[in-house]
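Examining the three-dimensional arrangement
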Amino acid sequence: MSRKPSPRIETQLVHAGEHKPRFAGAAVLPIFQSSVFEFPDARMEKSNYHDLLYPRLNNLPNHKVLGDKLAALEACEEAFVSASGMAAISAALLTVPGEGGHVLVQPGVYGGTHNLLSDDFGDLGLSFDLLEGEDPAQWARQLRPQTRAIYVEALTNPRLQILDHAAVVQFAKAHGLVSIIDNTFATPVNFQPRLLGYDLVLHSATKYLNGHSDLTAGVVAGSREWVEKVRKRLNHFGGNLDAHACFLLHRGLKTLALRVRHQNETAQRLAEYLESHARVRQVSYPGLASHPQYARGQAWFRGFGGVLSFELEGGVEAACRLIERLELAVHGPSLGGPETLISRPATSSHSGMSAEERARAGVSESLVRVSVGLEACDDLIEDFAQALEA
Ligand SMILES: *Cc1c(COP(=O)(O)O)cnc(C)c1O
């Protein structure tokens, strides 16, 4: 018997999950811009009220196709899309711990996630602790009888730290915890956490998955059991993705591999260029041999994405001057879009933290973060060269 080879990710991006037969033969899935769908029969014998199509139930053809495609991309049994990354993250974190639950969380997670944990968890009778150090023996001392989950990110923002993901999964299995990972910064092109054994894989699809800086969306993928539970909660909260945004995300996804590979390559070259520049003090990018988790990254990741961060000689003043003088990079937050973005995390993504918390996360006042876009790499390097020369 011949085994059918599983399609490669470029092919899955185009073909996985697509509705067969195609609606009216259309190569591109139409937008089901309808909030009402007719019942098939007067006596309701051929239909079940619970199978009703309704946008908030995340069950329009636009939702189903995206869910099936994302499940294939993340090598998961099931997946669904949501109105934003935070809709996905909050639905997961308000489902998995259960009543009175406790979660262990990697320090330095996305600011919105940190706010959910520190501002909302307590009100809802839930609790969390930040993981101390990298030794699972130490994590075990932080366990409580109510600990139900461990929550981490593939790569942290903005220093791109990489945990020992195999150790996280093993720790979760040994202690009966659900392992949850935010894979936004890596994307399934670079890393598929489910293959390592993570239970739930979350995304802000606002970033690379959509890739065009024109919508917010999120993804929950993972084991059927957990995805179904989280989906039910999200449907109660009303965090569905609108059909038109589904269409845009679906369109954006088809080029994900092309975009991410270009961004991997550009970020690597820009990181090497900056590291060799006399005015640059230190560069954080996992593809540099100087990165503290370089070996880990090589073992598990196929690439490291488009985000890098660095410090200049000359501190905050030099950082601001660089931002002013760059002609191509847009001074703005976020990541994963076609345009290169530059920001100072201390005044953007990490401005909600105290100076002390920032220092602990390795975020100095002068740290600069870049999300490379889809411009020609040589043009970007020339732009950085002129801005650093001035
Ligand atoms: C942006 C981001 C989020 C939140 O996503 P939204 O789509 O803005 O709600 C979560 N995690 C990471 C790592 C992010 O970069």
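Computed from a prediction, not measured in an experiment: that's the story for all the values here.

Moving on, we get to the pattern of salt bridges. When the charged atoms of two side chains lie near each other, side chains of opposite charge can form a pair. According to the stated counting rule, one finds 14 salt bridges in the structure shown. A salt bridge links R296 to E134; the shortest N-O distance between them is 3.0 Å. Residue R296 is found in helix α12 (residues 294–300), and its partner E134 is found in the loop between β3 (127–130) and α5 (136–141); the two are separated by 162 residues along the sequence. With a relative accessible area of 23%, R296 lands in the partly exposed category.

A separate point is the domain arrangement of the protein. Each assigned domain of the protein is listed with its residue range as follows: domain 1 (9–253) and domain 2 (256–389). Measuring from the centre of the C-alpha atoms in domain 1 to the corresponding centre in domain 2 gives 27 Å. Between domain 1 and domain 2, the residue contacts involve 35 residues of the former and 39 residues of the latter. Note on domain 1 versus domain 2: buried area summed over both sides is about 3,200 Å², and carbon and sulfur give 57% of it. Joining domain 1 to domain 2, the criterion identifies two salt bridges. A salt bridge links R261 to E10; its shortest N-O distance comes to 2.8 Å. At the level of elements, α1 (9–15), α6 (165–174), α7 (187–190) and α10 (243–253) are the ones that each hand at least two residues to the side of domain 1 that touches domain 2. Element by element, the count of residues in the side of domain 1 that touches domain 2 is highest for α7, at four residues. By residue class, the composition of the side of domain 1 that touches domain 2 is 18 nonpolar, twelve polar and five charged.

Attention shifts here to unusual backbone geometry. Trans is the common state for peptide bonds, and a negative phi is the common state for residues other than glycine. Of note, the amide linkage connecting K20 to P21 takes the cis form, showing an omega dihedral of -5 degrees. The topology assignment puts P21 in the loop between α1 and α2 (61–73). The omega torsion across N157 and P158 is 0 degrees, close enough to zero to call that bond cis. Tracing the chain through its elements places P158 in the loop between β4 (147–153) and α6. One non-glycine residue with positive phi stands out, namely T187, at about 65 degrees. Along the chain, the position of T187 falls in helix α7. By relative accessible area, T187 is classed as buried at 1%. The phi angle at S334 is positive, at roughly 75 degrees, despite the residue not being glycine.

A few words on the environment of A16. Among the secondary structure elements, A16 is positioned in the loop between α1 and α2. Given the relative accessible area of 14%, A16 is considered buried. When the C-alpha atoms of A16 and K69 are compared, they prove to be 4.9 Å apart, with 53 residues separating the residues in sequence. Setting aside chain neighbours within four positions, we find A16 in contact with T11, K69 and A72.

Attention shifts here to the site of the ligand. In the region of the ligand, 13 residues are neighbours, and G85, M86, D182, T206 and K207 sit closest. T206 is positioned with one of its side-chain polar atoms (N or O) 2.6 Å from an oxygen atom of the ligand. When the ligand sits alone it has 380 Å² of accessible area, and the protein chains cover 90% of it. Most atoms of the ligand, that is more than half of them, are within 2 Å of grid points of the second largest pocket. For the shell around the ligand, the element with the highest residue contribution is helix α3 (residues 85–93), accounting for three residues. For the shell around the ligand, a count of residues per class yields six nonpolar, five polar and two charged.

Cut-offs used in this document
Along each chain, the written sequence defines residue order, and numbers are assigned to residues from 1. Reporting of local features is limited, given that this is a predicted model, to residues whose pLDDT is at least 70; pairs of side-chain atoms are given and counted only at 80 or more, and all residues count toward the totals for whole chains, interfaces and linings. To get the side-chain values, all heavy atoms of the structure are used, and hydrogens and water are removed first. Salt bridge, as used here: a side-chain nitrogen of Lys or Arg that lies within 4 Å of a carboxyl oxygen of Asp or Glu. What counts as a helix is a DSSP run of H or I of at least four residues, what counts as a strand is a run of E of at least two, and both are numbered from the N terminus. When accessible area is computed with a 1.4 Å probe and restricted to protein chains, residues below 20% of their type maximum are described as buried, those above 50% as exposed, and intermediate ones as partly exposed. What counts as a domain boundary in this text is fixed by an automatic or database domain assignment. Contacts were defined at the residue level, with two residues in contact if any of their heavy atoms lie within 4.5 Å. Here the quantity called buried area is the accessible surface, traced with a 1.4 Å probe, that two parts lose on coming together, added over both. Each residue is assigned to one class: nonpolar for Ala, Val, Leu, Ile, Met, Phe, Trp, Tyr, Cys and Pro, charged for Asp, Glu, Lys and Arg, and polar for all the others, Gly among them. The near set for a molecule or strand comprises every residue that places at least one heavy atom within 4 Å of it. For the purposes of these results, a polar contact is taken to be a pair of N or O atoms within 3.5 Å, where, inside protein, one atom must be able to donate a hydrogen and its partner to accept one; residues adjacent in sequence count only when each atom of the pair is a side-chain atom. Per-residue accessibility takes into account occlusion by the displayed protein chains alone, with areas from the Shrake-Rupley method and a 1.4 Å probe. Of the two site types, the cavity is a set of points on a 1 Å grid over the protein atoms alone where a 1.4 Å probe fits but cannot get out, and the pocket is an open set with protein on both sides within 12 Å along at least five of seven lines, each lined by residues with an atom within 4 Å of a point. Occupancy of a cavity or pocket is assigned to a molecule whenever over half of its atoms lie within 2 Å of that pocket's grid points.

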